[in-house]
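Descriptive structure summary
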Amino acid sequence: RERMGYHTTRNRADFKVSNAAKIHDWEKVDIPDRVNPRVDYTKLETTYPDLLFDLPDVASDYPPLEPLKDILTRWPQDELDNPYMPFEEKLLHFDFMDPVQREAAIKFRDNNLPFKVYNVPELSRAGEKWIDDDYIADSFRQSLREKPKGKDLLKNPVAETKDGTKKRLITGVGGRAQESNDNFFVFFVNAHWDVSTMGSPPTMDNDWDYKKWAKHARYADHISLPWNEKHYYWQSGVDMSERFAPEDNKSFISKDLTMLGSAEPNFFMWNPQKNKGIQCRFGERGVTAATHYDQGKNMVAMVVGAKRYILAPPKACPKLGIETDKHHPTFRHSVLNFGHLSRLENNDDEITDFEKEWLRLAGDSPAIDTILKAGEVLYIPSHWFHYITSLQKSAQCNTRSGVDREGTEEFGGFETVQECIGETADE
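These remarks concern the structure in this document.

**Topic: helix H3 (residues 121-130)**
- All of the buried residues along H3 are Glu122, Leu123, Ala126, Gly127 and Trp130. In a view along the axis of H3, the buried residues occupy a sector of 140 degrees, so they form one face of it.

Structure, rendered in structure tokens:
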């Protein structure tokens, strides 16, 4: 590992490019403030399964899984202008404002099974605001967080939680843009990536502000940006302590999405003591996040646009190419691009035999896909794998409520993943 440079000090310039001042060709295109993508997935014709109000008698009946290769043969990852219709949703789809349906959703949540809810008034209100790029850009400028370090942290105010615990507050919101040479984004830890032995990292940070990122995202929808051109991704989040701050000190994310950042338990964040803040991801057409899992019980709220989620249960771990070395820069993630599944039979020289072997294995993995549309919330249980493609310009925020270690007998859980990747599954 020392030879591979996992513990070597990094040069920041190896992971960031500065091009905010550059005028790109795409900026010369007349791009409307609101762009209608060729396919608006928020309005896609969709069928839904009959509701279940109790857990199924046969555990394997829900969620209904099928081989990953069948999902991506029916609708290949990068064919964003040619979805199959009507799209058949297989995850349960509960009306949040119906108390009977909400209670049913809680049963599935507490039994570690994925589902979606819709008709969430606060999320709809946030969507009406966040569709306006100027609102988001101005809010980022007004709420920009300079995260204090060392002794400077002691200058931050302290709040007392309901149980008497004192929390040092970190308020405001940070944000950054990333870029990739195509639409595939692989997570990695900068500190473990040695450029001298591993080559250039798969993605780079850049110095764009939100306004410039949003203009390119509109451009991507406007021209139906091909998968093999450069793509950009905006990430932000708020610290877990912000929920205890006075209202005037909170960022726009906490104010607009109190359901994800409340100091009191609710349907979406039912264990505040284990919460680690709100993470938001703004994607443009085609941006695809490689397979990974989260330890936390995850509620994912789609504020604007739509994303395709492919979920796989913990028992699928050995087939997904998950990196098991905790010192490796991509630990807990896969680098498999499922867009390559359609190229397996074409004798494509750009795909190595090693990758082909893993893709064939992954193709047999049990999985389910769903389109998460603006106004919907997806529940992803602990240790369930997910692979995500932004279908159009989108904004999504999520929050987690502690770690479940039980899982289910049928689909696995913490112990399944621990056995797959070693004793570091919960790190």
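**Quick notes on unusual backbone geometry**
- Between Tyr62 and Pro63 the backbone carries a cis peptide bond, its omega angle lying at -5 degrees.
- Mapped onto the elements of the fold, Pro63 is located in the loop between strand S2 (46-47) and strand S3 (66-67).
- Residue Met85 is joined to Pro86 through a cis peptide bond whose omega torsion reads -5 degrees.
- One can find Pro86 in the loop between helix H1 (68-74) and strand S4 (87-88).
- Although it is not a glycine, Asn119 adopts a positive phi angle of roughly 60 degrees.
- When you line up the elements, Asn119 lands in the loop between strand S6 (115-118) and H3.
- What makes Asn119 partly exposed here is its relative accessible area of 37%.
- Positive phi outside glycine occurs at His383, with the angle close to 70 degrees.
- One can find His383 in the loop between strand S18 (377-380) and strand S19 (385-390).
- Assessed through its relative accessible area of 0%, His383 is described here as buried.

**Notes on the state of the cysteines**
- On inspection of all chains with the given rule, the structure shows two disulfides.
- Each disulfide pairs two cysteine sulfurs, and for Cys280 the partner residue is Cys397, the sulfurs being separated by 2.1 Å. The sign of the S-S torsion, about 105 degrees, decides the handedness of the disulfide formed by Cys280 and Cys397: right-handed. Of this pair, Cys280 sits in strand S13 (residues 278-283) while Cys397 sits in strand S20 (residues 394-403), and the two are 117 residues apart along the sequence.
- We classify Cys280 as buried; its relative accessible area is 0%.
- Each bonded cysteine of the chain gets a number by its place in the sequence, and the pairs then read 1-3, 2-4.

**Things to note about the pairing of strand S15 (residues 296-304)**
- Among the nine residues in S15, nine count as buried, and that is most of the element.
- Note: S15 against S18, four bridges, orientation antiparallel. Bridged to Val300 within S18 is Leu378.

**A few points about the pairing of strand S9 (residues 173-180)**
- Extensive coverage of S9 is indicated by the burial of six of its eight residues.
- When S9 meets strand S12 (residues 231-238), the two strands line up antiparallel, connected through eight bridges. By the bridge assignment for S12, Gly175 is matched with Ser236.
- Pairing between S9 and strand S11 (residues 204-206): three bridges, direction antiparallel. Across the sheet, the residue bridging to Ala177 is Asn206, located in S11.

**Details of helix H2 (residues 99-110)**
- Between its terminal C-alpha atoms H2 stretches 16 Å, which fits the 16 Å expected from twelve residues at 1.5 Å a residue.
- Every buried residue of H2 is accounted for by Gln101, Ala104, Ala105, Phe108 and Arg109. In a view along the axis of H2, the buried residues occupy a sector of 145 degrees, so they form one face of it. Exposed residues on H2 whose side chains face more than 90 degrees from its buried face are Pro99 and Val100.
- Structurally, the start of H2 carries an N-cap: the backbone nitrogen of Val100 is 2.9 Å from a side-chain oxygen of Asp98.

**Side note on the sheet that holds S15**
- One open sheet accounts for ten strands, arranged S1-S11-S9-S12-S13-S20-S15-S18-S6-S5; its pairing is mixed. Both edges of this open sheet fall to strand S1 (16-17) and strand S5 (93-95), since each of them pairs with a single strand only.
- Each of S5, S6, S15 and S18 touches H2; the most contacted strand, S5, lies at about 140 degrees to it.
- Sheet contacts for H3: S13, S15, S18 and S20; angle to S15, the most-contacted strand, approximately 50 degrees.

**Section: the pattern of salt bridges**
- For the coordinates displayed, the defined rule picks out 21 salt bridges.
- The closest approach of N and O atoms between Lys212 and Glu27, which form a salt bridge, is 3.3 Å. A residue pair is termed long-range when its members are at least 10 positions apart, and Lys212 in helix H6 (residues 210-223) and Glu27 in the loop between S1 and S2 qualify at 185 residues. The same class applies to Lys212 and to Glu27, which are both buried.
- Among the charged side chains, a salt-bridge network with shared partners connects Arg38, Asp81 and Arg285.

Rules and cut-offs
Residues numbered from 1 in each chain as written. Predicted model: local features only at pLDDT ≥ 70, side-chain atom pairs only at ≥ 80, totals over all residues. Heavy atoms only, no water. Buried < 20%, exposed > 50% of the residue type's maximum accessible area, 1.4 Å probe, protein only. Helix = DSSP H or I, 4+ residues; strand = E, 2+ residues; numbered from the N terminus. Arc of directions from axis to C-beta. Disulfide = S-S within 2.5 Å. Pairing = 2+ DSSP bridges. Expected span 1.5 Å × (residues − 1). Polar contact = N/O pair within 3.5 Å; in protein donor to acceptor, adjacent residues only side chain to side chain. Contact = heavy atoms within 4.5 Å. Axes fitted to C-alpha atoms, helices over the stretch in contact; angles between N-to-C directions. Salt bridge = Lys/Arg side-chain N within 4 Å of Asp/Glu carboxyl O.

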